[in-house]
Amino acid sequence: MPGPSPDTTALLARSRQRCAAALTVRPIASCVFDELVARYSEPHRKYHTVQHLAECLAHFEAVRHLAERPGEVEVALWFHDGIYDTQRHDNERQSADWARSVLEGHGAPPATVQRVDELVMATCHSALPVSPDARLLVDVDLSILGALPPRFAEYEEQIRQEYAFVPEDLFRRKRGEILRAFLDRSVIYSTPHFQAALEARARDNLRLAVSALY
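Only a predicted model underlies this, so the values are computations on that prediction, with no experimental measurement involved.

Quick notes on the environment of Phe165
Position of Phe165 among the secondary structure elements: in the loop between helix H8 (149-162) and helix H9 (168-183). A relative accessible area of 43% places Phe165 in the partly exposed class. Between the C-alpha atom of Phe165 and that of Thr86, which follows or precedes it by 79 residues, the distance is 9.6 Å. Contacts of Phe165, omitting those with residues within four sequence positions, involve Thr86 and Gln87.

See below:
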């Protein structure tokens, strides 16, 4: 697998610099970010990779002025898929626990640690996010649904590759349920920015993907 592009490397470096001292008494150690990048580079990942992390951070750079606590949102984005095992159902909890451990170990206030924990857990997508920062973070995480059609098609293929062990009929049924659940929402995106930018294209992408599954 090729390494990150120069643009991605620069994006990650900018974000690391912002995050390192945004929330904690002691700057978050560089080795923590190195370990996160290593995790996002694990060979079993096809979508939940450095590409996904970088896409999220790029979207967030454009809207960080909309966040109430941008440092917390950005740190949560780094950790939100830090642990990703397709055979488990507690990846978000494991990722949130990792973030909690790092932040506590570097002197972050308890309230900050709790909010970051809640932001990471919001990416379970099991319920609509409540806080403004959670709504913004979840919209960033779901921005792939409103990607241009070639990137969305690549995303769908990457998800299939991550779950290559699932039989085709079962994958189609379960994937269809997930995608239809997004279509059934009154809105996919919770913030005006992402509604305006991506809602219509996301619905077009999802309708096409669902039709291809049946």
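Focus on the nonpolar core
With 63 residues, the main nonpolar core has Trp78, Phe79 and Leu145 as its most contacted residues. Leaving out residues up to four positions away in the same chain, Trp78 has contacts with Leu12, Ser15, Arg16, Cys19, Phe33, Leu36, Val37, Tyr40, Leu53 and Leu57.

Digging into the packing of helix H3 (residues 50-63) against helix H4 (residues 70-79)
Running from amino to carboxyl end, H3 crosses H4 at an angle of 165 degrees, the nearest separation of the two axes being 10 Å. Between H3 and H4, the interaxial angle falls into the category roughly antiparallel. Judged by the twist between their axes, the crossing of H3 over H4 is right-handed. Contact with H3, carried on its side by Leu53, Cys56, Leu57 and Phe60, involves Pro70, Val73, Glu74, Leu77 and Trp78 of H4 and no other residues of that element. A per-class count over the contact of H3 with H4 returns eight nonpolar, no polar and one charged.

Some thoughts on the packing of aromatic side chains
Across all of its chains, the model carries six aromatic pairs by this definition. Taken together, a centroid distance of 5.1 Å and an interplanar angle of 75 degrees make the contact between Phe33 and Trp78 edge-to-face. One end of the pair, Phe33, is in helix H2 (residues 30-40); the other, Trp78, is in helix H4, with 45 residues separating them in the sequence. You'll find Phe33 and Trp78 in the same group, each marked buried. When the centroid spacing of 5.8 Å and the interplanar angle of 40 degrees are considered together, the rings of Tyr163 and Phe165 count as tilted. These aromatic residues form a ring-pair network of at least three members: Tyr47, Phe152 and Tyr155.

Quick word on the side chain of His80
Along the chain, His80 turns up in the loop between H4 and helix H5 (91-105). A distance of 3.2 Å separates the side chain of His80 from the side chain of Asp141, its partner in a polar contact. The residues touching His80, leaving out its near neighbours within four places in the chain, are Tyr40, His52, Cys56, Ser95, Val120, Thr123 and Asp141.

Details of H5
Between its first and last C-alpha atoms H5 spans 21 Å; for 15 residues at 1.5 Å apiece the expected length is 21 Å, and the two agree. Of the residues one or two after H5, Gly107 is the one with positive phi, at around 90 degrees.

About the thresholds
- Residues numbered from 1 in each chain as written.
- Predicted model: local features only at pLDDT ≥ 70, side-chain atom pairs only at ≥ 80, totals over all residues.
- Heavy atoms only, no water.
- Helix = DSSP H or I, 4+ residues; strand = E, 2+ residues; numbered from the N terminus.
- Buried < 20%, exposed > 50% of the residue type's maximum accessible area, 1.4 Å probe, protein only.
- Contact = heavy atoms within 4.5 Å.
- Core = buried A, V, L, I, M, F, W, Y, C linked by side-chain atoms within 4.5 Å.
- Axes fitted to C-alpha atoms, helices over the stretch in contact; angles between N-to-C directions.
- Parallel < 35°, antiparallel > 145°, perpendicular 65-115°, else oblique.
- Left-handed = near helix turned anticlockwise from the far one by under 90°.
- Nonpolar A, V, L, I, M, F, W, Y, C, P; charged D, E, K, R; others polar.
- Phe/Tyr/Trp six-rings, centres within 6.5 Å; stacked < 30°, edge-to-face > 60°.
- Polar contact = N/O pair within 3.5 Å; in protein donor to acceptor, adjacent residues only side chain to side chain.
- Expected span 1.5 Å × (residues − 1).

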